[in-house]
Amino acid sequence: MTTRKEQLKKHIMAAGKQTPADVVIKNGRIIDVFNLEIMEGDVAISDGIFVGIGEFEGKQIIDAKGRYVCPAFIDGHVHIESSMISPAEFAKVVLPHGVTTVITDPHEIANVSGAAGIQYMLENAEDIPLDVRVMLPSCVPATPFENAGAELHAADLEPFFQHKRVHGLAEVMDYPSVLHAEDSMLDKITTTLTHRNQIDGHLAGLDTNAINVYKSVGITTDHECTTASEALDRIRRGMYVLIREGSVAKDLHSLIQAVTIHNARRFLFCTDDKHLDDLIKEGSIDHNVRLAIQYGISPLLAIQMASLNAAECYSLHTKGAIAPGFEADFLLLDDLESVTISEVFKGGTLVGKNGVYVGEELSKDKPLPQLTETVHIPELTEKDLQIPIGESKQAHIIGIIPNQLRTHKLIENVQVNEGYFCPSVEDDQLKIIVIERHKHTGNIGKGIVKGFGLKEGAIATTIAHDSHNIVAAGTNDCDILTAIKALKKFNGGLVIVKNGEILQSLPLPIAGLMSEKDFHTVNAELSMLKKTLPQIGFTGNFNPFLTLSFLTLPVIPALKLTDTGLFDVEQFMHIEVAVQVPPLRQNIIDSYIHIYKNKNSMT
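Reference entry: report on the structure contained in this document.

Conventions adopted
- Residues numbered from 1 in each chain as written.
- Predicted model: local features only at pLDDT ≥ 70, side-chain atom pairs only at ≥ 80, totals over all residues.
- Heavy atoms only, no water.
- Helix = DSSP H or I, 4+ residues; strand = E, 2+ residues; numbered from the N terminus.
- Buried < 20%, exposed > 50% of the residue type's maximum accessible area, 1.4 Å probe, protein only.
- Contact = heavy atoms within 4.5 Å.
- Salt bridge = Lys/Arg side-chain N within 4 Å of Asp/Glu carboxyl O.
- Phe/Tyr/Trp six-rings, centres within 6.5 Å; stacked < 30°, edge-to-face > 60°.

1. Overview of the environment of Val 33
Right, so step 1: Turning to its location among the elements, Val 33 is positioned in the loop between strand E1 (21-32) and strand E2 (37-46).
Right, so step 2: The exposure class assigned to Val 33 is buried, which follows from its relative accessible area of 1%.
Right, so step 3: Each C-alpha atom, one on Val 33 and one on Gly 66, is 18 Å from the other, the two residues being 33 residues apart in sequence.
Right, so step 4: Apart from residues lying up to four places away in sequence, Val 33 is in contact with Pro 71, Ile 303, Gln 304, Ser 307, Leu 308, Gly 320 and Ala 321.

Laid out in structure tokens, this is it:
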């Protein structure tokens, strides 16, 4: 085995032109992300590290043929589980799109399977050409207002810091615990600062005082900005802002307006949650770069944000640039404006070509049963799904905002039969159900949702951020119940039901979040799901499953549903579905109803 000293000597010999480099890139236009310029010259690589720019001889020559030599991209914050495939399969998808490093937070699988889930993600990402840096989940469970499959305390997280790819503490979304200096949260923060110096934030809907609080304890990033003014508030206080463009949260168009030549070094890109089909169709961080260029950012600046800025934000001091001493993770671009990637190299080795993974085959062991048998629910009947409304006839309703994580808090008149809510296709008022699936508690959260536009049937999934209980929405109790029972049989996944029959499904047996199959097969199954949705009347310009999966997230305003009931995020408390009408007002309403009925009977 080569010692560190011997490796350094080899680098010196190659950089000093005393021996040929392992690899030399010739005839390329080199993107300089430090000065935002284009350079010309050879690029020398030894042991997967850039050792020089100038004129070099090499054992292997890569002829760039006039293409741009670009630093590879870094995804600053991603939940791999949202792709519904394992880390090894995920690598095959994002590498051809120029992403060679990801900062990932496995809190999805941790909320289901705890430390065993984190260990699985680390092991599955071992010895693959994608550099997977893990931020340990800070909030498992995410909040005290729902039931997850595990609890992780500082003592549970600390052993993971011995792993070389564990990089810090993931998005701290429990702001009240930070604000009130609760011991459990401070223990996680201090443990992280003892071993690492990276802590991510989660400041959805929070004011500038919250930024002060977060920064005061060493939290340096936020990926939850949705407006330019929010972004600037964070930059002014020394934070990094991650511009997110995922499958649901599409914030780039709004946030890119905050980027100037003066503050750009504090911005980077992330995907956060992106479905497999969107990754294949649009790309990963390369899609963010293209959009930024379309919205007026210069190509070199957009590339800097996707590479050097991300590397510096996460203290990855040998990543993000084409320069001596940096890792040889680079792309060959045919065109700068369209960011057309022809080849992708990780450590100087070709791993992607013309949109296809060309690296070594990645075979991994199957996950243990504790990760594949995670759906535990009681026997249910349609009666268990009833929502009492009473005499008010008005209800609190979750209003979907297409392609956003936030929702509206609506109050509308609803149809009622014998005191219980009746879904209305005409009014686009569907029933939404959340069932605790980890510990067999029998908890059932019930609510009303508006915006899906379904005309028949139901959809359901075990991907329900962040506790990942079962969530279902539909036009009738029979189909909702059929969908729930199907997920129990599959050990998790996605399903479409109509008239009591399963029209299409995608089993996700790994924690109810990921498939054991290859990404081509999973993408084909996803495609069939999408093609089936019109059969239940869905015509919206958004992903209904991904939207459904975020309606259970009680840390993003305004109204969400957990297994313990309807949750008002702005008030930070549970509320009743039925709107409580004062007695005097109810008497007036009853009088009008009585008069109206008598009038109709007379006519």
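Continuing now.
2. A look at the pattern of salt bridges
Right, so step 1: One pass over the structure, following the stated rule, counts 30 salt bridges.
Right, so step 2: Residues Lys 92 and Glu 89 are paired through a salt bridge, measuring 2.9 Å at the closest nitrogen-oxygen approach. Within this pair, Lys 92 and its partner Glu 89 are both found in helix H2 (residues 87-94), separated by 3 residues, close to a single helical turn. Neither residue differs from the other here; Lys 92 and Glu 89 are each classed as buried.
Right, so step 3: The partner of Asp 251 in a salt bridge is Arg 244, with the nearest N and O atoms 3.1 Å apart. For the residue pair Asp 251 and Arg 244, the accessibility class agrees, reading buried in each case.
Right, so step 4: Among the ionic contacts, a cluster of salt bridges with common partners joins Asp 131, Arg 133, Lys 319, Glu 327, Asp 329 and Lys 346.

3. Some remarks on the packing of aromatic side chains
Right, so step 1: According to the stated counting rule, one finds 9 aromatic pairs in the structure shown.
Right, so step 2: Relative to Phe 345, the ring of Phe 330 lies with its centre 4.4 Å away and its plane at 5°, an arrangement referred to as stacked. Of this pair, Phe 330 sits in strand E14 (residues 330-335) while Phe 345 sits in strand E15 (residues 340-346), and the two are 15 residues apart along the sequence. Comparing Phe 330 with Phe 345, the two get one shared label, buried.
Right, so step 3: Considering the side-chain rings of Phe 452 and Phe 542, the 6.4 Å spacing of their centres and the 45° angle between planes classify their relative orientation as tilted. In this pair, Phe 452 sits in the loop between strand E23 (444-450) and strand E24 (458-461) while Phe 542 sits in the loop between helix H16 (519-532) and helix H17 (544-550), placing the two residues 90 residues apart along the sequence.

4. Focus: the environment of Ile 109
Right, so step 1: One can find Ile 109 in helix H3 (residues 107-124).
Right, so step 2: As a C-alpha pair, Ile 109 and Asp 466 span 357 residues in sequence and 9.2 Å in three-dimensional space.
Right, so step 3: Those residues within four positions of Ile 109 in sequence are excluded, and the remaining contacts are Glu 81, Gly 114, Gly 117, Ile 118, Tyr 120, Met 121, Ile 510, Ala 511, Leu 513 and Met 514.

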